[in-house]
Amino acid sequence: MNRLLAWACLAIACSVVWAQGAEPMPTFEVADVHVSARAIRPGSRGGVLRGDRWEIRNATMVDLIQLAYGVEGERLVGGPRRLEMNHYDIAAKAPRGTPQDKVRLMLQNLLAERFQLKVHDDKREVPGFALVLGKGPHKLKKSDVADKGCKSKPAPPDLIGRISYSCRNVPADTLTSMLRVVGNGYFNAQLVNLTGLEGNWDFDLQWTDNTRLAAAGSDGISLFDAVEKQLGLKIEQRPISTPVLALDRVNEKPTENAPGIAEKLVPAKLREFEVGTIKPNPAPVGNINVNIQGDGRLVANAVSLRQLIAIAWDIPPNRISDDLPALDAHSFDVVAKAEIDPISGLDIEEFRFMMRGWLIDRFKMKLHMEDRQVQAYTLVAGKPKLTKADPSNRASCKDGPAPASQDARNKTPDRNRLITCRNVTMSEFADLLDQVASGYVKAQVLDSTHLQGEWDFTVNFTGNNLLKAALAATEPNDAISLEDAVKEQLGLKLEMGKRPSPMLVVEQASANPTEN
């Protein structure tokens, strides 16, 4: 959701409504607001009016404010320490066909009423990036063509992760906007044009997607290096003066729901797939290869029942019990189609529920959640190398560098994962590890460091899916496991042991589905 908001705000001039004059603010007819149950998968879901029901799940207060005010995350300043740590589910009713702008005002009003949210517009210096002139002459060509705009170009197939754009007759501001949008993996803060270049220019630019730098090897080039070498410009870190939305007040806990809220918000009857086929595939089960398309079509090839369950229940495959051989016995090709609302589009959460009912029926399954003994990490203190937190930051652990900081992965692409934590306790870090490092962490981590207070730190490691190949490579590389990175970079230890953890237990399942 955050990325979609960023794209929308860059594509058009975003205007934030701080006050609505004397006219009363529109309100939802009724709303259920409560703290989310702990989610294994991070990220909010929903935020679109479907019929007369508006829902969002597992949303932080930052997510909610961004959605309500149309403001990018880096332009949202202030607020309590745990503003990005607590998660909420909201279900509300609004008249069918209510425009999205009016729904946003309803959400603003709800946040004010249920969380006592108060905000104001301001201007602040925040961490950012600036596009500036390089040391020598720039390499942009003064335009003499009529066509205007930037177009992506097919990249040579032998260049892994290569992105290529050709721009003609565009000002430097357009270059800046283009870099911010199509190069968003490189930027976690605003990018502004400070080149001073006037007029329109022609140029071509090629770089490697930041997630593919390691795979590209010596053929890879970061966006920062590409701008400097191919355009003669430079991207620098520096404070940026920008309009912001400042938080004056917000409560962590919402006010209580009105009595009888469940009866007033009965969800619509769950729809079923219009058509669905499951066919055996003689090929062995491979990696999860499931595509849920925007038109409501599910296509999966050479997948096991375990992998289908993982998609439908939105849970990692290793959180599903190993009691039944049927879960991994066969490989299937699956095609299913759901009717999609022509206005609001695909609701992935509803789609998953439809998929659950379909799989239960076709494979005659019975399942439930329970705590089981599993191998799990405990975080303990060795010789800590942590920095006392800057208390002005909100608590968070996120993929990527700190705002407007250089990305360490550009220099060591074999270490393709970078987790930046700010103002977090050790118990919060341990609690988030199964979300930010799910390839390594199979169950919630227990904190036994006994370290008090809040801390700032980063940990840079090789993703679990790349580690085996990297360690087996004959050429030297910088690959490092999560366990070793935590020990070397943070002075902490991840120790493995057995303890209870929630598992999805499949009590009964047929090895083969019922007939199509």
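Residues numbered from 1 in each chain as written. Predicted model: local features only at pLDDT ≥ 70, side-chain atom pairs only at ≥ 80, totals over all residues. Heavy atoms only, no water.

With that out of the way, let us pick up the state of the cysteines. Cysteine pairs can be covalently joined through their sulfur atoms, and such a bond is termed a disulfide. In this structure the tally under the stated criterion is 2 disulfides. One disulfide bridge connects Cys150 with Cys167, the sulfur atoms lying 2.0 Å from each other. Between Cys150 and Cys167 the disulfide shows an S-S torsion of about 115 degrees. By sign, it is right-handed. On the criterion of sequence distance, the pair formed by Cys150 in strand S8 (residues 149–153) and Cys167 in strand S9 (residues 162–170) is long-range, its members being 17 residues apart. One disulfide bridge connects Cys397 with Cys421, the sulfur atoms lying 2.0 Å from each other. Disulfide Cys397-Cys421: torsion about the S-S bond near 115 degrees, hence right-handed. Residue Cys397 is located in strand S19 (residues 396–399), and its partner Cys421 is located in strand S20 (residues 417–424); the two are separated by 24 residues in the primary sequence. For Cys397, a relative accessible area of 10% puts it in the buried group. (Disulfide = S-S within 2.5 Å. Helix = DSSP H or I, 4+ residues; strand = E, 2+ residues; numbered from the N terminus. Buried < 20%, exposed > 50% of the residue type's maximum accessible area, 1.4 Å probe, protein only.)

Turning our eyes to something else, we now look at the sheet that holds strand S17 (residues 366–381). If you walk across this open sheet you meet the 3 strands as S21-S17-S23, and the pairing is mixed. Every other strand in the sheet has two partners, leaving strand S21 (446–447) and strand S23 (492–508) as the edge strands with one partner each. Running at roughly 145 degrees to S23, helix H13 (residues 482–490) makes contact with S17 and S23 of the sheet. (Pairing = 2+ DSSP bridges. Contact = heavy atoms within 4.5 Å. Axes fitted to C-alpha atoms, helices over the stretch in contact; angles between N-to-C directions.)

All right, on to the sheet that holds strand S12 (residues 233–249) then. Pairing is mixed in the open sheet, where 4 strands are placed in the order S4-S12-S6-S10. Of all strands in the sheet, those bounded by a partner on one side alone are strand S4 (76–78) and strand S10 (191–193). Within the sheet, the average angular offset between the axes of one strand and its neighbour, ignoring direction, is 45 degrees. As paired strands, S4 and S12 are joined by 3 bridges and run parallel to one another. The residue of S12 that forms the bridge with Gly78 is Leu247. In this fold helix H2 (residues 61–69) packs onto S4, strand S6 (118–133) and S12, with an angle of close to 90 degrees to the strand it touches most, S12. Where helix H6 (residues 223–231) meets the sheet, its contacts fall on S6 and S12, and the angle it forms with S12 comes to roughly 135 degrees.

Residues Leu379, Phe429, Phe457 and Phe461 are the most contacted members of the largest nonpolar core, which totals 33 residues. Those elements that provide at least two residues to this core are S17, S20, helix H11 (426–436), strand S22 (455–461), helix H12 (464–472), H13 and S23. With 6 residues, the top contributor of residues to this core is H11. With residues up to four places along the chain from it excluded, the contact list for Phe461 reads Arg415, Asn416, Arg417, Ile419, Ala437, Tyr440, Ile480, Ser481, Leu482 and Ala485. Formed by 32 residues, the second largest nonpolar core is a distinct cluster that contains Met61, Leu64, Leu67 and Leu245. (Core = buried A, V, L, I, M, F, W, Y, C linked by side-chain atoms within 4.5 Å.)

If you walk through the whole model with that rule in mind, you get 27 salt bridges. In this structure, the salt-bridge partner of Glu236 is Arg238, at a minimum N-O distance of 2.6 Å. By relative accessible area, Glu236 is classed as partly exposed at 26%. On the basis of relative accessibility, which here comes to 32%, the residue Arg238 falls in the partly exposed class. Each of Arg45, Arg53, Glu55, Arg57, Asp314, Glu349 and Arg352 takes part in salt bridges that share partners, so that together they form one network. (Salt bridge = Lys/Arg side-chain N within 4 Å of Asp/Glu carboxyl O.)

Although it is not a glycine, Asn423 adopts a positive phi angle of roughly 55 degrees. By the element assignment, Asn423 lies in strand S20. Even without glycine at this site, His450 takes up a positive phi of about 60 degrees. With respect to the helices, strands and loops of the structure, His450 is situated in the loop between S21 and S22.

Before going further, it helps to examine the side chain of Glu349. Topologically, Glu349 is positioned in helix H10 (residues 348–363). Each residue touching Glu349, except ones within four places of it in the same chain, is listed here: Arg45 and Arg57.

In this section: the packing of aromatic side chains. Two measures describe an aromatic ring pair: the distance that separates the ring centres and the angle between the ring planes. Inspection of every chain in the model, using the stated rule, returns 12 aromatic pairs. Taking 6.1 Å as the distance between ring centres and 35 degrees as the angle between the ring planes, the aromatic pair formed by Phe129 and Phe224 counts as tilted. Of the two residues, Phe129 is situated in strand S6 and Phe224 in helix H6; the sequence distance between them amounts to 95 residues. Considered together, Phe129 and Phe224 belong to a single accessibility category, that of buried residues. (Phe/Tyr/Trp six-rings, centres within 6.5 Å; stacked < 30°, edge-to-face > 60°.)

Take H13 next. Among the residues of H13, those classed as buried are Leu482, Ala485, Val486 and Leu490. The buried residues of H13 occupy an angular sector of 100 degrees when projected down its axis, which confines them to one face. The secondary structure elements touched by the buried residues of H13 are S17, H11, S22 and S23. Immediately beyond the C-terminal end of H13, within one or two residues, lies Gly491, with a positive phi of roughly 70 degrees. (Arc of directions from axis to C-beta.)

This part covers helix H3 (residues 100–115). Here H3 is 16 residues long and its end C-alpha atoms lie 22 Å apart, about the 22 Å a rise of 1.5 Å per residue gives. Among the residues making up H3, those that are buried are Val103, Arg104, Leu105, Met106, Leu107, Gln108, Asn109, Leu110, Leu111, Arg114 and Phe115. Elements that come into contact with the buried residues of H3 comprise strand S1 (30–35), strand S2 (45–50), strand S3 (53–60), H2 and strand S5 (87–93). Looking one or two residues beyond H3, the residue adopting positive phi is Gln116, at roughly 55 degrees. (Expected span 1.5 Å × (residues − 1).)

The next thing to look at is the environment of Asn109. Residue placement: Asn109 occurs in helix H3. Placed 41 residues apart in sequence, Asn109 and Ala68 show a C-alpha to C-alpha distance of 9.1 Å. Non-local contacts of Asn109, meaning those with residues more than four positions away in its chain, are made with Met25, Pro26 and Thr27.

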